[in-house]
Amino acid sequence: MADILEIKNLNKQFGGVIATKDLNLSILEGELHAIIGPNGAGKTTLISQIFGQIFPDSGQIFFQDTNVTKVSEYKKSRLGINRTFQITSVMKSLTVSENIQLATDTTRENSFNFFKASNNQYTFFKKIDFCLRQVGLIEAINQPVASLSHGDCRKLEIAMALASDAQLLLLDEPMAGLGPTETKEMIALLKRLKGQQTILLIEHDMDAVFALADQISVLVSGEIIATGKPNTIRRDSEVQSAYLGGI
Amino acid sequence: MQFIRSFKFLILVSLLVLPIIFNQIGMSFYLDLATRLCILAIAAVGLNLILGYGGMISFGHAAYLGLGAYAVGIPAHHWLYGGLDFLATNNGFIHITIAIVISGLFAFLTGLICLKTKGVYFIMITMAFSQMAYYLFVSIEEYGSDDGLVINTRSQIPLINLDDPIQMFLVSFSSLIFFMWLVQLITKSNFGLILSGIKDNEARMVSLGYNVYLHKLIAFVFSGIICGFAGVLLGNFTTFISPEMIDWSRSGELMFMVILGGVATVMGPLFGAIVFVILEEVLSSITIYWHLPFGLLLIAVVLFFRGGLSSLLSK
């Protein structure tokens, strides 16, 4: 399998704080790659650099063998990278199906359609139906997002990422703020997606990470100190002292 | 639902019929009032497209009314008194074309800059640009400076005589219906959905791959053009245009109408304009300090009827 994403010698500094230090990472097509690390290790900064919200000071990012280091976020999204946010970010005043609709390429490509009714396009229905069934939100299809629970908003974010037909999903702590039952549902959901889509997962919930990941990279102070299969990582002594607290 | 629809229909029908009846029984004042109301409502509909549906609070939309009115006044002035032959005309279609081009261009150029900002800064910068237009017209002596410009000939349009108050009213009324329909169509389209997505969560729309800036700019230009067209009607209706029409307080009145009536609704701007024009008439006949009760009313609406007068109907 080919690398879908390759990061070479990435550096990013905010004033005196080194957020990313000589970081190398490659993600194979189809795998679920998790990044773990203590608070402030630079996980979200890394995702933001991959997605183009901020640019690295030096180093390169290749997506499907194209150099995308300095490509801004809305163009990245068009190339096939999509992200979810650590803090839920959806359009609260719109309905669930409208949110999905906005996430599709079809809406984006026809965004200068001024006079054709948007809710009258049957092409969307299949897709909306499919994405919502995947995440188990189909009953809420016509509800306003403001009426959804936090967990359901999380699921909606995943559904939106699915609707975008992205080749690479960057999931920034999808379990954040979820209760135990919701976390279980989310793990089951990500398990279903695994294999269909390449996923870069950032997560604090260790049970989730070890249950889901094909590969795990451990990020400490902006550096990747280990990469490997879950079992290897669990046994790695450096990782244990840095992060896992010797379980 | 049925009741609300028939109520809205009733409002539109009375707006069309009542002024004409009043005019026939010799109270032409009410016809003039209704014409002014329709013209202001068109401008409010235009403003609502960006303020209500797009979340861009423009404090400078009176500028477009003024530009539209000057697009009638200046060519008519030269047509009567000579000078600038390429501009001199009383042809209504040319007036409308000039108004659309100029207001569209003004919206495009100022929008390029204004839309780089958000929130309070956006409010201030749109106001600043409209004040620039204000001082521009104050400084041009040929067009009357701050005394204003009397428009001695109305726009000539085949088969329509704008000198006839009833025809002037009917043109304003049908334009209002047309623009309400047009804005409704736009907001229900893909573009409209994207616009409301941007209003709700701009950062998310960027990360979904939308060119947010471009969408906002297009909506801004659309909105400016609608207000520019309203300006053409206003110039023809009052046959007088002065920089005072561009003043920021006029922009405030347009915002007042949109917010009072209910943002992001089809009928909202019309309700707002109706209440505004009627209250202005009633209150100013009682006291010269009519702005005071007026302001209190706006505060009450904002506090107690979130979503404006339209929200009363949808409950």
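Residues numbered from 1 in each chain as written. Chains lettered and ligands numbered in written order. Predicted model: local features only at pLDDT ≥ 70, side-chain atom pairs only at ≥ 80, totals over all residues.

Student: Could you clarify how one ought to interpret the overall build of chain B in this entry?
Tutor: Looking only at helices and strands, one finds 13 helices and 2 strands in chain B. Computed over its C-alpha atoms, the radius of gyration of chain B comes to 19 Å, within 12% of the 20 Å expected for a compact globule of 315 residues. Taken over the C-alpha atoms alone, chain B extends approximately 55 × 45 × 40 Å along its principal axes. Within chain B, residue pairs in contact and separated by at least 24 positions form 77% of the contacts whose partners lie at least 6 positions apart. (Helix = DSSP H or I, 4+ residues; strand = E, 2+ residues; numbered from the N terminus. Rg over C-alpha atoms; globule rule 2.2 N^0.38 Å. Contact = placed C-beta atoms within 7 Å.)

Student: How should I be thinking about the interface of chain B and chain A in this particular structure?
Tutor: Interface size is often expressed as the accessible area that is lost when the parts come together. Listed per partner, the contact involves 22 residues of chain B and 27 residues of chain A. Those elements that place two or more of their residues in the side of chain B that touches chain A are helix H6 (165-187), helix H7 (190-200) and helix H8 (202-207) of chain B. Here the side of chain B that touches chain A is composed, by residue class, of 9 nonpolar, 10 polar and 3 charged. (Nonpolar A, V, L, I, M, F, W, Y, C, P; charged D, E, K, R; others polar.)

Student: Sorry, what's going on with the nonpolar core here?
Tutor: If you look at soluble globular proteins, the nonpolar side chains tend to sit buried side by side. Counting residues in each nonpolar core, the largest one holds 160 residues, and the members touching the most others are Ala159 of chain A together with Ala41, Ile42, Ala43, Ala44 and Ala230 of chain B. Among the elements that take part in this core, helix H2 (residues 28-51) of chain B stands out by supplying 15 residues, more than any other. Mapped onto the domain boundaries, this core takes at least three residues apiece from domain 1 (1-80 + 167-173 + 198-247) and domain 2 (81-111 + 118-165) of chain A. Each residue touching Ile42 of chain B, except ones within four places of it in the same chain, is listed here: Ser175, Leu176, Phe179, Ile226, Phe229 and Ala230 of chain B. (Core = buried A, V, L, I, M, F, W, Y, C linked by C-beta atoms within 7 Å. Buried ≥ 20, exposed ≤ 12 C-beta atoms within 10 Å, placed from the backbone. Domains from an automatic or database assignment.)

Student: Just to check I follow, could you spell out the domain arrangement of chain A for this structure?
Tutor: Residue and element names in this part refer to chain A. Domains assigned within chain A are domain 1 (1-80 + 167-173 + 198-247) and domain 2 (81-111 + 118-165). Domain 1 puts 14 residues into the contact, and the matching count from domain 2 is 7 residues. Among the secondary structure elements, those contributing two or more residues to the side of domain 1 that touches domain 2 are helix H1 (43-51), helix H2 (73-79) and strand S7 (168-172). Take the side of domain 1 that touches domain 2: its biggest share by element is 5 residues, from S7. Residue composition of the side of domain 1 that touches domain 2, grouped by class: 8 nonpolar, 3 polar and 3 charged.

Student: Explain helix H5 (residues 119-139) of chain B here, please?
Tutor: Helical periodicity: at 3.6 residues per turn, an α-helix aligns residues three or four positions apart in one direction. All names here are of chain B. Taking 1.5 Å as the rise per residue, H5 with 21 residues should run 30 Å; its terminal C-alpha atoms sit 31 Å apart, in good agreement. All of the buried residues in H5 are Phe122, Thr126, Met127, Phe129, Ser130, Ala133, Tyr134 and Phe137. Down the axis of H5, the sector holding all buried residues measures 155°, keeping them to one side. Seen from the open side of H5, the exposed residues pointing more than 90 degrees away from its buried face are Val120, Tyr121, Tyr135 and Ser139. Among the structural elements, helix H3 (62-81), helix H4 (92-114) and helix H10 (248-261) are those in contact with the buried residues of H5. (Expected span 1.5 Å × (residues − 1). Arc of directions from axis to C-beta.)

Student: In this structure, what is going on with the sheet that holds strand S9 (residues 215-220) of chain A? I would like to understand it.
Tutor: All names here are of chain A. Taken together, the 6 strands give an open sheet; going across it, the order is S6-S7-S8-S3-S9-S10, and neighbouring strands pair in mixed fashion. Both outer strands of the open sheet, strand S6 (81-83) and strand S10 (223-228), are each paired with one neighbouring strand and no more. On average, each strand axis in the sheet is inclined to that of its neighbour by 20°, with strand direction left out of account. The sheet contact formed by S6 and S7 spans 3 bridges and is parallel. Pairing of Arg83 across the sheet is with Leu170, part of S7. (Pairing = 2+ DSSP bridges. Axes fitted to C-alpha atoms, helices over the stretch in contact; angles between N-to-C directions.)

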